[in-house]
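Chain residues, written in single-letter form:
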Amino acid sequence: MLNRRSSRLLGSACVALLCACSPGNGEANVAAMPQVPAETTAAADGKPFAIAEVASFDEPWAMTFLPSGELLVTERGGTLKRLVLDASGTPKVSEISGVPAVDYGGQGGLGDVIAHPDFADNRMVYLSYAEAGEGDTRGAAVARATLTLDKNGGGKLSDLQVIWRQVPKVKGRGHYGHRLAFGPDGYLWISSGERQKFDPAQDMQSNLGKIIRLNADGSVPADNPFVDQAAGAGDAEANDVTAQIWSLGHRNPLGLAFDADGQLWNHEMGPSGGDELNRVERGGNYGYPIVSNGDHYDGRPIPDHDTRPEFIAPVVGWTPVISPAGLVIYDGASFPEWRGDALIGALSGQALVRVEFEGDGAREAERFEMDERIREVEQGPDGDIWLLEDGDDARLLRLTPPA
């Protein structure tokens, strides 16, 4: 069973390599992953890992490893990059063409990227992004396309098809969410932010502020929790939107990951206080904006979760906030003492946060100061941990056990 953001590694068949690819079909010329020829910091500052700088990107947002071990990185301005290390360890970064037009600005632009669980056979990848609408509106969209890699380190997307959109499109450029994951059962999961509009998180005819569960082609599974309720919706679009929903009452969910038991977890940014790590339950309502463990930015209070027991409270909360972004549940060999733990990037917290699970609960176990905003966390095929910093000229970092 896959036990993390499943499409990120595509199972134990992934080998520890970043490699050059043959023309056309992108099949790997397999070679062992070389050591990164970058200045590496030993754990002299007390961290239990060494840090190597691999490359830099312009406003990166997400990354994913392909089965070959090479890396795809999204840049928020609308560029998809492919990173290959040659036999000497020298990184080469090239662009993938065919990316859809994005509405760039605020928190919007090109978002997540993942590969289909059967990528080795179908060459299919999934992208999320902000899409422009009419009348100065916009919303998140998810598209899938076939990825062809070339011998020069680049590639192209073809046969692109939009399979999901936020409904409705609204004004503003915040809280898209749009994290993607494939679960161990092959379903596609999407986190959808409430776009800073509050009430849509509780509106069953909107998919804002929700966790979405779809088939890989974008159709709705017949056993989703609100399919029967959708049958009574007023029009076809509202019917489809209601049927997509797995859980509701979310704010700005920027992390999705599965644990070893197939349980889905998400984290989301609270308002002024109240960042959350949640166990995502079928049909669950997480209460936003009716309850939160934070307050409105203007100081107006929001009732805490414990005042409304019908809503599901977070398993871990943060006040002051850490602004979580990126989530993996670690299962690698490089840091065996962390297996089963969650690793979370912190934007305002400028840290890598480790969370231990304890029965039905969890707790923050360690916080490693990184001195930069951490946008994305990923586990490499060999068990090393990879981080993307946030912003212009942001570094891609590889964390390894200290020598």
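That block above? That's the structure.
Residues numbered from 1 in each chain as written. Predicted model: local features only at pLDDT ≥ 70, side-chain atom pairs only at ≥ 80, totals over all residues. Heavy atoms only, no water.

Draft legend 1. How the structure looks around the overall build of the protein chain. Along its length, the protein chain carries 3 helices and 25 strands. Per-residue burial for the protein chain yields a buried fraction of 58% across its 403 residues. Within the protein chain, residue pairs in contact and separated by at least 24 positions form 59% of the contacts whose partners lie at least 6 positions apart. Per element, the accessible surface of the protein chain, about 14,900 Å² overall, is 46% carbon and sulfur. (Helix = DSSP H or I, 4+ residues; strand = E, 2+ residues; numbered from the N terminus. Buried < 20%, exposed > 50% of the residue type's maximum accessible area, 1.4 Å probe, protein only. Contact = heavy atoms within 4.5 Å. Areas by Shrake-Rupley, 256 points an atom, 1.4 Å probe, with all protein chains shown as cover.)

Draft legend 2. Representation of the sheet that holds strand 13 (residues 210-214). Read across the sheet, 4 strands follow the order 11-12-13-14 without closing on themselves; strand pairing throughout is antiparallel. Looking at which strands have only one partner, the edges of the open sheet turn out to be strand 11 (177-182) and strand 14 (245-248). Within this sheet the neighbouring strands show an average axis-to-axis angle of 15 degrees, counted without direction. As defined by bridge partners, strand 13 adjoins strand 14 across 3 bridges and the pair is classed as antiparallel. Across the sheet, residue Ile212 finds its bridge partner in strand 14, namely Ile245. (Pairing = 2+ DSSP bridges. Axes fitted to C-alpha atoms, helices over the stretch in contact; angles between N-to-C directions.)

Draft legend 3. How the structure looks around the pattern of salt bridges. Inspection of every chain in the model, using the stated rule, returns 26 salt bridges. In this structure, Lys47 engages Asp45 in a salt bridge whose closest nitrogen and oxygen atoms are separated by 2.8 Å. Here the salt bridges do not stand alone but share partners, grouping Asp341, Arg354, Glu356, Glu358, Arg363 and Glu366 into one network. (Salt bridge = Lys/Arg side-chain N within 4 Å of Asp/Glu carboxyl O.)

Draft legend 4. The arrangement of the environment of Gly262 in detail. Locating Gly262 in the fold gives a position in the loop between strand 15 (252-258) and strand 16 (264-269). The exposure class assigned to Gly262 is partly exposed, which follows from its relative accessible area of 27%. On a C-alpha basis, the gap between Gly262 and Asp185 in space is 8.5 Å, while along the polypeptide they are 77 residues apart.

Draft legend 5. Structural view of the sheet that holds strand 21 (residues 351-358). The antiparallel open sheet is built from 4 strands, whose spatial order is 19-20-21-22. Both edges of this open sheet fall to strand 19 (324-329) and strand 22 (361-369), since each of them pairs with a single strand only. With direction set aside, neighbouring strand axes in the sheet form an average angle of 25 degrees. In terms of strand pairing, strand 20 (residues 342-346) meets strand 21 through 5 bridges, oriented antiparallel. Counted as the bridge partner of Ile344 is Val353 from strand 21.

Draft legend 6. Quick look at the environment of Asp185. By the secondary structure assignment, Asp185 is in the loop between strand 11 and strand 12 (188-192). On the basis of relative accessibility, which here comes to 46%, the residue Asp185 falls in the partly exposed class. Within the structure, Asp185 has its side chain in polar contact with the backbone nitrogen of Tyr187 (distance 3.3 Å). (Polar contact = N/O pair within 3.5 Å; in protein donor to acceptor, adjacent residues only side chain to side chain.)

Draft legend 7. Molecular detail of the packing of aromatic side chains. Enumeration over the complete set of coordinates arrives at 11 aromatic pairs. With centroids separated by 5.8 Å and ring planes inclined at 70 degrees, the aromatic side chains of Trp189 and Phe258 adopt a geometry described as edge-to-face. Separated by 69 residues along the polypeptide, Trp189 in strand 12 and Phe258 in strand 15 bring together distant segments of the chain. With a relative accessible area of 2%, Phe258 lands in the buried category. Ring centres of Trp265 and Phe357 lie 4.6 Å apart, and the angle between their planes is 50 degrees; on these two criteria the pair is classed as tilted. (Phe/Tyr/Trp six-rings, centres within 6.5 Å; stacked < 30°, edge-to-face > 60°.)

Draft legend 8. Representation of the side chain of Gln379. Along the chain, Gln379 turns up in strand 23 (residues 374-379). A distance of 2.7 Å separates a polar atom in the side chain of Gln379 from a polar atom in the side chain of Asp331.

Draft legend 9. Just empty space enclosed by the protein, in detail. The full count for this structure, using the stated rule, is 1 cavity of 30 Å³ or more. Computed from the structure, the largest cavity encloses a volume of approximately 50 Å³. Looking at the largest cavity, the residues that line it are Arg251, Glu268, Met269, Gly270, Pro271, Gly274, Glu276, Tyr288, Val291 and Ser292. When grouped by side-chain class, the residues that make up the lining of the largest cavity number 4 nonpolar, 3 polar and 3 charged. (1 Å grid on protein atoms, 1.4 Å probe; cavity = no way out; pocket = protein on both sides within 12 Å on 5 of 7 lines; lining within 4 Å. Points joined across faces, edges and corners; volume = space filled by probe spheres on them. Nonpolar A, V, L, I, M, F, W, Y, C, P; charged D, E, K, R; others polar.)

Draft legend 10. A look at the nonpolar core. In terms of nonpolar packing, the biggest core is built from 20 residues, with Tyr126, Trp164, Leu188 and Ile190 touching the most fellow members. Counting only elements with at least two residues in this core, the list comes to strand 8 (124-132), strand 9 (138-149), strand 10 (155-165), strand 11, strand 12, strand 13 and strand 14. Counting residues per element, this core draws most heavily on strand 8, at 3 residues. If we skip the residues at most four places from it in the chain, Trp164 touches Ala140, Ala141, Val142, Ile190, Ser192, Asn207, Ile212, Leu214 and Gln244. (Core = buried A, V, L, I, M, F, W, Y, C linked by side-chain atoms within 4.5 Å.)

Draft legend 11. View of unusual backbone geometry. Residue Pro168 is bonded to the preceding Val167 through a cis peptide linkage, with omega at 0 degrees. Along the chain, Pro168 falls in the loop between strand 10 and strand 11. Look at the link from Thr319 to Pro320: it is a cis peptide, with omega at 5 degrees. Tracing the sequence through the fold places Pro320 in the loop between strand 18 (316-318) and strand 19. A positive phi angle is found at Glu59, which is not glycine, with a value near 50 degrees. Mapped onto the elements, Glu59 comes out in the loop between strand 2 (50-57) and strand 3 (60-65). Owing to a relative accessible area of 14%, Glu59 belongs among the buried residues under this scheme. Although it is not a glycine, Asp136 sits at a positive phi angle of roughly 65 degrees. Turning to its location among the elements, Asp136 is positioned in the loop between strand 8 and strand 9.

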